[in-house]
Amino acid sequence: MAEPPHEQPSANVLEDLESRPDGLSSEEASRRRAEYGENDIVRGGGRSAVDIFVAQFDSVLIWVLVVAAFLSIWAGHTVDAVLIAVIVVANGVFGFVQDYQAEQSLESLRDLAAPTATVRRDGESQTVDATELVPGDVVVLRGGDVVPADGRLLEATDLEVDEAALTGESVPVSKSSEPVEPDAPLAERSSMVYKGTNVTRGKGIAVVTGTGMETAVGDIARELAVTEETETPLQGELDRLGRTLGIGVLALSALVAPLLILRGTDAIQAALTAVSLAVAAIPEGLPAVVTLTLALGVRRMSDENALVRRLPAVEALGAVDVICTDKTGTLTEGQMTVSRCWVHDAVLEFDGEAAERSEAPDGGSPTDDAESIDDGTAGAATAETDADSLSDREELLLRIGALCNDSTLEEGDPTEQALLEAADRKGLDREALRDENPRTGEVPFSSERKWMGTVHGDVGYVKGAPEVVVDNCERILTADGPVALTDERRERIETRVREFGDDALRVLAMAYLEEPDSPEALADGLTFVGLSGMIDPPRTEVADAIAATNRAGIDVKMVTGDNVRTAGAIAGTLGLGTAVLEGQAIESMDDSELRERVEAVDVFARTSPEHKVRILRALQERGHDVAMTGDGVNDAPALKNADVGVAMGIRGTDVARQASDVVLLDDNYATIERAVERGRTIFDNVWKFVAYLLSANVAEVALVFLASLFGYLILPAVQLLWINLLTDGLPALALGADPNSGDVMERPPRDPEQGIISRRMLTLIGGAGAVSTAVMLGLMFVALEGAATVTPYAMTMVFTGFVFLEFEKLYVIRWLRGTPILSNRWLAAAVAASIALQLAVLYTPLNRYFGTVPLGVADWGIIAAVLAVCLPAYVGIAAVVRRT
């Protein structure tokens, strides 16, 4: 097709497609189906279950552990090898279950297809499977239909289509067969209908212009298929740690074995010691502790209405510094609500379940209609406004909205549903109204006419666009009755309409005609009653949640398909900022220009799915970690490209949910704030046990290495592995249950480039490791009492002293991160259990396997002195780290 169909006259589109208003022949449809294929969303880019499972082991740290397991077997440490193998397999299975579900996005897109379609073939209307449609087919659309393919409208009668899932537009869009501007964004292409959207009212006839993957939904499916999963900061950090450990272990083994041989140690024993030391240097429990901590975070977040679909995303939330959020259904309620009504010189405000009236700010003095409603609660706005407390004009305005209406509260046009809900809130009995005022005639709404009218006995009611309804009016209803609609009064109405529009309200005018001869008589001679202003209102808790995320150093940007005025007004209400950039402007920018502009923009309006992905990439290229929230099909590519994709669980489409990392079960933006807090807490806990494990392992390696220079093998392999079991085991796992420090949402987001192994952690590991090594070497020489070889007593003292030093250091590390000392009963129990196990290898027959001897009271006094010496040193190092 030479030009896009939305900008061409419908006749030209038919000609380009070699079709006719009465459709294709069956033979031609069959030929085209062979050429274009089925009208379906095809699979592409998916991974098999085997691929997903194998990918779970694509981590450097996992491979280091696998090598360590084989070395343990070679060295005769079967138990340690089994433990490592269990950890590796368990991590793989858990990750597989999580990631397998993430590959179901395309399946949800397939479900959007309409099962059947009414098509004109061989000059007749017939029902066919929607997958059989081809370009050039002419389809018939009616209220309640799912649009089966992209198409150019040939005819449209009162046709409105709900495109929220595709464009983010919060209300159904009126459609027309007239061409639109070439550069009109997808949300404003009123001459087009799109596959997977819903017809809410009216009738239309369209020629199919695109099927299957050549539709707007197909473009999204194609983009999802080629989008790669983003690596979270923690995943990248663990990979870097794995590489570092792998290189370090090789270097350590290559150094220690020759050194021991030179010192006279048997070659086999030297090799076994080098291997044991290498295995001890690896924190075998780290993947398990990370996984279990993340899993615990997932459970807690689920209790807080945030369902995590991909484990690493829990921690990634803590690094987010920009949230790009959709508007409709995310920041707003997702349904139209009457928020303000106006009758001549009086405003009726709808505020939650209460309302109040105020004088129009036109310089007039208050009238009886401007008095506040007294609901019997001494001024507290807590109850519904009774119909009895409404003025006659206000009740008439609501009556017209309820009767001149084709919808119900359960289904229909969102604007009409808002009018019904307003009548309910003000105490009008809709069912009684309709029973007492049966409809005897009507003029249906049309996009050309822009108004709807109904006749109820001897009165007719009209609602529609203010500019049209006012033109059809001759009088206006005031507190003193109907009076002439003068130019001054028309100007007053127009001013009020502009004010409503400035507040992003969708405005409808209401009027009536007494004793109409026929429904057609409702076209003029009307009496104007008033205006109803509707909006998809912001959620009440969102403004506070946005303020809280801002205090946490997180920038919030609205990215919506809605129009500039509505998006800007909602953003202003929520305190998001006023800098707005429209989709057409984004279209004209190259990537470098967008990168320059993206930081300063608060609201992106009239955006397409491609725009959303470009915005995300521009922010990411500027070094930001970006979370994207959304609920529509149009949000899916951006959700999958984001560092953390957050979908809505109630209003969200299956496509959005499957493309996301986190699903908000209550569709509440405020839940994101709690999820970010949980993510930061989890990072704190990961930081604590990584620092704890690595500082212990560094001290172990340094102690054994330095002792070997003096000819002593002070910690044999079995004791090294036992220390790892005690430190990498229950205490490290219990750290994952630590509560937050209380100030996690007052800190700026962490820099993901620094990662966990930052300068602060290296300072802690090096400082604490040096203290432990120096003190343990001193204890070794004291216990040896000049002996030329290691004695069981010296070995036991160093072994036991090292274990207790690690538990002391554990609580200092928690203090460093601001965690209350006695806030984790699981950790206290874990430390107590580990101490009991250590005592068991001293005072039970197990000591023969560990080469230890029982210690006396004096020996425990020496160990207590060691702990007393180390404590202030650890605290001093932690204080230095805290200030950096």
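Residues numbered from 1 in each chain as written. Predicted model: local features only at pLDDT ≥ 70, side-chain atom pairs only at ≥ 80, totals over all residues. Heavy atoms only, no water.

(A) Quick peek at the packing of aromatic side chains. Evaluated as defined, the whole model comprises four aromatic pairs. Ring geometry for Trp 722 and Phe 850: centres 5.1 Å apart, planes at 65°, overall edge-to-face. Taken together, the residues Trp 722 in helix 26 (residues 717-728) and Phe 850 in helix 31 (residues 847-850) connect sequence positions 128 residues apart. Measuring from centroid to centroid gives 5.5 Å for Phe 804 and Trp 860, while their planes differ by 75°, and the two rings are edge-to-face. You can see Phe 804 sitting in helix 29 (residues 792-816) and its partner Trp 860 sitting in helix 32 (residues 857-883), a full 56 residues away along the chain. The exposure class of Phe 804 is buried, given its relative accessible area of 15%. Cluster of aromatic residues (ring-pair linked, three or more members): Phe 710, Tyr 712 and Phe 781. (Phe/Tyr/Trp six-rings, centres within 6.5 Å; stacked < 30°, edge-to-face > 60°. Helix = DSSP H or I, 4+ residues; strand = E, 2+ residues; numbered from the N terminus. Buried < 20%, exposed > 50% of the residue type's maximum accessible area, 1.4 Å probe, protein only.)

(B) Expanded view of the side chain of His 6. Along the polypeptide, His 6 turns up in the segment before helix 1 (10-16). From its side chain, His 6 meets the backbone oxygen of Pro 182 in a polar contact 3.0 Å long. Those residues in contact with His 6, other than ones at most four positions away along the chain, are Arg 152, Pro 179, Val 180, Glu 181, Pro 182, Arg 189, Ser 191 and Met 192. (Polar contact = N/O pair within 3.5 Å; in protein donor to acceptor, adjacent residues only side chain to side chain. Contact = heavy atoms within 4.5 Å.)

(C) Structural detail: the pattern of salt bridges. Using the criterion set out here, one finds 32 salt bridges in the structure. Two residues, Glu 806 and Lys 809, come together in a salt bridge whose shortest N-O distance is 2.9 Å. Pair noted here: Glu 806 and Lys 809 are both in helix 29, with a separation of three residues, about one helical turn. With relative accessibility at 0%, the residue Glu 806 sits in the buried group. Each member of the salt-bridge network shares a partner with another, and the members are Arg 201, Asp 406, Glu 416, Arg 439, Glu 442 and Lys 463. (Salt bridge = Lys/Arg side-chain N within 4 Å of Asp/Glu carboxyl O.)

(D) Here's a closer look at the packing of helix 28 (residues 759-784) against helix 32. Between helix 28 and helix 32, the shortest axis-to-axis distance is 10 Å and the interhelical angle comes to 160°. If you check the angle between helix 28 and helix 32, you find them roughly antiparallel. Note on packing geometry: the crossing formed by helix 28 with helix 32 is right-handed. Contacts between helix 28 and helix 32 pair Arg 760, Thr 763, Leu 764, Gly 767, Ala 768, Val 771, Ser 772, Val 775, Met 776 and Leu 779 from the former with Ile 862, Val 866, Cys 870, Ala 873, Tyr 874, Ile 877, Val 881 and Arg 882 from the latter. When grouped by side-chain class, the residues that make up the contact of helix 28 with helix 32 number 13 nonpolar, three polar and two charged. (Axes fitted to C-alpha atoms, helices over the stretch in contact; angles between N-to-C directions. Parallel < 35°, antiparallel > 145°, perpendicular 65-115°, else oblique. Left-handed = near helix turned anticlockwise from the far one by under 90°. Nonpolar A, V, L, I, M, F, W, Y, C, P; charged D, E, K, R; others polar.)

(E) Molecular detail of a nonpolar patch on the surface. Together, Trp 815, Ile 821, Leu 822, Leu 871 and Val 875 make up a nonpolar patch on the protein surface, roughly 460 Å² of accessible area in all. Locating Val 875 in the fold gives a position in helix 32. The partly exposed category is assigned to Val 875, whose relative accessible area is 32%. (Patch = residues over 30% accessible without salt bridge, like charges linked within 9 Å, V, L, I, M, F, W, Y side chains within 5 Å. Areas by Shrake-Rupley, 256 points an atom, 1.4 Å probe, with all protein chains shown as cover.)

(F) Focus on the pairing of strand 15 (residues 459-464). A large share of strand 15 lies buried, amounting to six of its six residues. With burial as the criterion, each face of strand 15 is covered, one bearing Val 459, Tyr 461 and Lys 463 and the other bearing Gly 460, Val 462 and Gly 464. Here strand 14 (residues 451-456) runs beside strand 15; their pairing, made up of six bridges, is antiparallel. The residue bridging Gly 453 from the neighbouring strand is Val 462, located in strand 15. Two successive antiparallel strands, strand 14 and strand 15, enclose a turn made up of two residues, where Gly 457 displays a positive phi of approximately 70°. (Pairing = 2+ DSSP bridges.)

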